[in-house]
Amino acid sequence: MTPADCLIWTLRASARPGRCRAGWLVLLLAVLPVLAVAAPYQWQNVAIGGGGFVTGLVFHPTEPNLLYARTDVGGAYRWDQTAGRWIALTDWLGRDDANLTGIESLAVDASDPQRVYLAAGTYTNPRVGNGAILRSSDRGATFTRTDLPFKLGGNELSRGNGERLAVDPHQGRILLLGTRSNGLWRSDDHGAHWQEVTSFPAIARSAQASAPAWNGTQQIGIVFVQFDARSGGDGDPTPVIHAGVSTTTGPALYRSDDAGQTWQALPGQPRGLRPTRMAQGSDGRLYIAYADLPGPDSMGNGALWRFDPAQGRWQDISPVPQSSDTQGDGFGWGGVSVEAGNPQVVMASTFNRFGPHDDIFRSTDGGRSWTPVIAGARFDHGNAPWTAHASPHWIADVQIDPFDPRRVLFVTGYGLWASRDIRVADNGQPVRWWFQNDGLEETVPLDLVSPGQGAHLLSALGDIDGFRHDDLTVSPLQYAGPRLTNSESIDAAPQSPSHVVRSGTVRHRLHDEVRAAWSDDGGRTWQAFVSEPPDGEGAGRIRIASDGGRVLWHTLRGSHWYTDDHGRHWQAVRGLPNTAVVVADTRSPAHWYAYDAASGALLRSDDGGASFVADRVRLAPAPALTAELRADPQQSGLVYVGAGSQGLLRWRAGDLQRVAGVETVHSLGVGKGAPSRDVASVFVAGTVEGVQGLFRSDDGGARWLRIDDAAHQFGQIQRVTGDPRLHGRVYFATGGRGIVYGDPQ
């Protein structure tokens with residue numbers, strides 16, 4: 001038995017404790033951490049509201065107010081009618097399963113309201129694992145997982161099409177899944193086991209069912225499967241099924257009349273466009289939205305068609321022509337829905353019609369005439385003020401409540417809108433919409449800082465810039481002043497926290513906008529830097545000295561630069577590799593620290609960051625590592641280094657100590673120390689003593705508390721940030737579940 005074994009064995013109170021000598025135990029306690037019992041935390045989202053692409057909505061057809069939403073990177077949700085908010089269903093997924101937080105499709109069992117199924121998998125590239133079917137028999141409170149032998153693409157092209165996953169409404173044990181590259185698959189045991197339906201046409205697997213993407217060509221395959229509930233009877237497999245293949249060069253719509261054993265192309269169907277979604281009325285008519293591309297990145301042509309199976313007749317019923325696009329680049333059709341109790345009521349949405357704007361059209365006569373319901377509508381931005389600066393776009397799905405036809409919801413690239421008075425449009429009155437996103441948080445945070453005064457949190461976010469969070473429970477307005485598309489880095493001066501800087505990107509940078517800004521009132525108002533450094537592409541990492549004076553900006557694909565006058569003049573930092581990350585001392589403006597993972601060098605500056613010299617201690621080179629440095633807010637000169645698989649290190653000039661037991665660090669934060677402690681509390685997302693999770697230490701790493709739990713793992717935790725004013729408070733970014741914060745219970 002090794003000393004380490006002896007310690008673990010003793011701490012676990014194993015049998016025969018006398019086998020370990022007391023001397024060993026004293027020695028080991030001095031050098032090894034003690035992983036304490038898990039510490040209970042209360043976890044909540046920082047309120048922003050939406051912020052990402054909600055890719056689909058599914059109402060349960062037989063249970064009122066049972067509604068689910070899926071997202072491209074933020075998991076799935078169930079609407080809680082009583083609480084008036086969304087409940088996240090996939091927060092139990094941890095880092096190793098973060099790829100499952102992109103939901104390709106969602107399905108409910110019409111015969112059992114307790115059952116819900118998720119087709120989970122974000123990407124199809126070689127770097128990620130296969131997809132999975134997550135199946136629940138308690139409305140998503142818990143899930144059982146079935147791994148699939150192929151990948152899914154919840155954040156790839158066609159992610160707003162659907163639904164690919166379907167449950168037989170008469171025989172709930174039967175499920176069908178349309179895939180991107182692997183044809184049609186079937187389960188006969190509630191999703192526990194799957195096999196391919198080899199009789200489905202091969203076009204679904206072929207290059208004909210693909211589309212051009214930013215990174216080449218993506219396979220799209222089958223984009224929806226629908227059982228015709230009007231056929232068959234309870235307890236027997238539903239005989240009539242429709243499926244749509246995303247192709248412009250061959251038959252795209254297929255029908256089975258024998259419960260999926262054989263398939264035939266629908267005769268007379270349109271060619272040259274690919275289907276995106278389909279809805280069926282209670283009279284049997286099919287309404288199909290078409291586009292030239294699957295979206296959401298681009299659509300330049302499209303149409304809405306109606307098919308009457310009884311007559312075998314197809315008709316183009318597009319509400320508006322392509323010439324209505326004032327930008328002249330065309331548009332497609334995204335969502336389509338039919339009222340459950342009145343098959344004459346149809347709603348459909350344009351997609352990528354940015355001029356004048358996307359709209360939803362409503363018909364009460366089966367598609368002979370149409371009324372727009374977004375143009376002239378009234379939008380209530382009260383519960384998410386930032387949405388006043390956004391326009392509905394990427395309207396991939398629109399759904400009419402099957403139990404309350406006055407209620408309609410539609411998705412956008414930044415959340416979803418709902419109305420309870422849609423019928424006023426039939427009388428020419430404006431529809432009222434409200435942002436129904438309470439609890440649904442899908443922003444992608446890129447950086448966080450918790451200043452020493454003012455708001456407890458400032459955020460830098462992808463797509464929607466960032467926020468000053470004065471009240472973590474209330475959605476705020478975005479930063480006032482020059483706006484960034486992505487804010488990618490943000491920092492506040494520890495000894496002068498009203499001084500804040502941030503950097504990022506600007507989409508369609510037409511006027512050489514400066515991609516960094518500063519604030520001297522804690523982030524309430526902002527001004528652009530006078531200029532950018534001579535090299536680089538904005539964004540990158542920006543840091544500010546402890547007294548709020550000097551700013552260091554390492555631009556994207558550029559070098560390290562510093563300014564003392566908000567960018568009027570820039571000077572190159574000497575002695576600092578372009579691959580290094582930098583942090584300022586929390587107390588002394590003269591001292592800065594850097595770590596270059598590529599070479600393993602640790603570097604210091606004693607002249608305010610103007611120049612750096614290598615310390616005599618260093619780490620092993622790790623060129624692929626994205627390292628994190630955190631300066632202790634309570635002790636000048638003490639820096640924590642998060643070095644990936646090299647663990648956690650405490651660094652002072654000339655002295656580097658590895659914190660034993662911390663095997664891997666994915667993200668690192670520091671916050672206010674425990675009462676009577678002279679060191680900060682340290683937070684680590686990583687692996688400690690073989691356990692992966694989120695941990696806190698109040699004694700410099702001698703003992704660790706695990707503060708997350710099996711139900712709260714949030715996929716990929718990033719940008720861990722402690723609060724300098726509240727002991728135990730921690731904030732972190734997720735890969736699509738917004739900003740999460742926790743407090744000890």
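Residues numbered from 1 in each chain as written. Predicted model: local features only at pLDDT ≥ 70, side-chain atom pairs only at ≥ 80, totals over all residues. Heavy atoms only, no water.

## Re the overall build of the chain
Filter applied, for reference: The way it works is that DSSP assigns letters per residue, a run of H or I at least four long becomes a helix, a run of E at least two long becomes a strand, and they are numbered from the N terminus. It is over C-alpha atoms that the radius of gyration is taken, and the globule rule equals 2.2 Å times the number of residues to the power 0.38. In this scheme, a residue with accessible area under 20% of its type's maximum is buried, one over 50% is exposed, and one in between is partly exposed, where area comes from a 1.4 Å probe on protein chains only. Only heavy atoms enter the contact rule, under which two residues are in contact if any of them lie within 4.5 Å. All accessibility values rest on the Shrake-Rupley procedure with a 1.4 Å probe; residue burial counts only the protein chains present in the view. Positive: Lys, Arg. Negative: Asp, Glu. His and the chain ends are not part of the count. Lysine's charge is taken at NZ, arginine's at CZ, aspartate's at CG and glutamate's at CD.
What the chain contains, in helices and strands, is two helices and 59 strands. What you see for the chain is a C-alpha radius of gyration of 28 Å, in line with the 27 Å of a compact globule of 745 residues. Counting only C-alpha atoms, the chain reaches 85 × 70 × 45 Å along its principal axes. When each of the 745 residues of the chain is scored for burial, the buried share is 59%. Taking contacts inside the chain between residues at least 6 apart in sequence as the whole, the part at least 24 apart equals 51%. Accessible surface for the chain amounts to roughly 27,700 Å². Of this, 49% is attributable to carbon and sulfur atoms. If the 67 positive side-chain charges of the chain are averaged to one point and the 77 negative ones to another, these points end up 3 Å apart.

## A closer look at the nonpolar core
Let me state the cut-off plainly: Among the buried residues, those of types Ala, Val, Leu, Ile, Met, Phe, Trp, Tyr and Cys that are joined through side-chain atoms within 4.5 Å form a nonpolar core.
Counting 32 residues, the largest nonpolar core has Ile360, Val373, Phe410 and Trp433 as its most contacted members. Among the secondary structure elements, those contributing two or more residues to this core are β30 (398–400), β31 (408–412), β33 (432–435), β35 (457–461) and β59 (739–744). If near-sequence neighbours (up to four positions away) are discounted, Ile360 is found in contact with Met347, Ala348, Ser349, Thr371, Pro372, Val373, Ile374, Ile395, Val398 and Phe410. Judged by nonpolar contacts, the second largest core, of 19 residues, contains Phe53, Val54, Met299 and Leu416.

## Points about the environment of Arg420
As a reminder of what qualifies: Polar contacts, as used here, are pairs of N or O atoms within 3.5 Å; protein pairs need one atom able to donate a hydrogen and one able to accept it. Residues neighboring in sequence count only if both atoms are side-chain atoms.
Tracing the chain through its elements places Arg420 in the loop between β32 (415–419) and β33. Measuring from C-alpha to C-alpha, the distance between Arg420 and Ala211 comes to 37 Å, with 209 residues separating the pair along the chain. Residue contacts for Arg420: discarding those within four places in its chain leaves Gln81, Asp404, Arg406 and Arg407. Side chain to side chain, Arg420 and Asp404 meet in a polar contact 3.4 Å long.

## Section: the pattern of salt bridges
For clarity, the cut-off: By convention in these notes, a salt bridge is any Lys or Arg side-chain nitrogen within 4 Å of a carboxyl oxygen on Asp or Glu.
All told, the structure shown has 39 salt bridges when counted by the stated rule. When the shortest N-O distance is used, the salt bridge between Arg205 and Glu196 registers 2.9 Å. In this structure Arg205 comes out as partly exposed when scored by relative accessible area, which is 40%. Between Arg696 and Asp698 there is a salt bridge, and its shortest N-O distance comes to 2.9 Å. Judged by its relative accessible area of 16%, Asp698 is buried.

## Structural notes on the sheet that holds strand β44 (residues 571–572)
Formally: Each pair of strands is called paired provided DSSP finds at least two bridges between the two strands.
Here we have four strands laid out as an open sheet, ordered β41-β42-β43-β44, and antiparallel in their pairing. Each edge of the open sheet is held by one strand with a lone partner, namely β41 (541–544) and β44. Taken together, the four bridges between strand β42 (residues 551–554) and strand β43 (residues 560–563) define a ladder with antiparallel strand orientation. Looking across to β43, one finds that His554 is bridged to His560.

## Some remarks on the sheet that holds strand β8 (residues 112–120)
Hydrogen bonding along the main chain pairs the strands of a sheet, whether they run parallel or antiparallel. Which entries qualify depends on this criterion: Here, axes are lines fitted to C-alpha atoms. For helices the fit covers the stretch in contact, and angles between N-to-C directions go from 0 to 180 degrees.
Read across the open sheet, the four strands follow the order β7-β8-β9-β10; overall the sheet is antiparallel. Looking at strand neighbours, the two that pair on one side only are β7 (103–109) and β10 (144–147), the edges of this open sheet. Ignoring strand direction, the axes of neighbouring strands in this sheet form an average angle of 20°.

## A short note on the pairing of β41
Where β41 lies against β42, four bridges are found, and the strand directions are antiparallel. Paired with Arg543 across the bridge in β42 is Leu552. Between β41 and β42, which follow one another and run antiparallel, lie six residues, and Gly548 among them has a positive phi close to 80°.

## Focus: the packing of aromatic side chains
Stated precisely, the cut-off is as follows: Aromatic contacts are taken between Phe, Tyr and Trp rings whose centres are within 6.5 Å, Trp giving its six-membered ring; a plane angle under 30 degrees counts as stacked, one over 60 as edge-to-face, and the others as tilted.
A full pass over the atoms with the stated rule returns 26 aromatic pairs. Ring centres 5.3 Å apart and planes at 25° place the aromatic pair Tyr41 and Trp43 in the stacked group. For Trp43, a relative accessible area of 12% gives the class buried. Geometrically, the ring pair formed by Phe200 and Trp263 is edge-to-face, given 5.0 Å between the ring centres and 70° between the ring planes.

## Some words on the environment of Val373
Among the secondary structure elements, Val373 is positioned in the loop between β28 (371–372) and β29 (378–380). For the pair Val373 and Ile422, spaced 49 residues apart in sequence, the C-alpha to C-alpha distance is 7.9 Å. Sequence-distant contacts of Val373, that is, excluding residues within four places in its chain, are made with Met347, Asp359, Ile360, Arg362, Ile422, Ala425, Val431 and Trp433.

## Structural notes on the confidence of the model for the chain
Quick note on the threshold: As a per-residue measure, pLDDT reflects the predictor's confidence and takes values from 0 up to 100.
Confidence along the chain averages 94 in pLDDT terms, with 95% of residues attaining 70 or more. Mean pLDDT per element in the chain: helix α1 (residues 3–11) is the minimum at 28, and strand β12 (residues 175–178) is the maximum at 99. Scored below 50 in pLDDT, residues 1–31 makes 28 contacts in the model with residues more than four places away or belonging to other chains.

## What about the side chain of Asp698?
Within the secondary structure, Asp698 is located in the loop between β55 (691–697) and β56 (703–706). Within the structure, Asp698 has its side chain in polar contact with the side chain of Arg696 (distance 2.9 Å). Among the polar contacts listed, one links the side chain of Asp698 to the side chain of His727, at a separation of 3.1 Å.

## Observations concerning the environment of Ala627
Along the polypeptide, Ala627 turns up in the loop between β48 (613–618) and β49 (628–631). Excluding residues that lie within four positions of it along the chain, Ala627 makes contacts with Val581, Tyr595 and Gly642.

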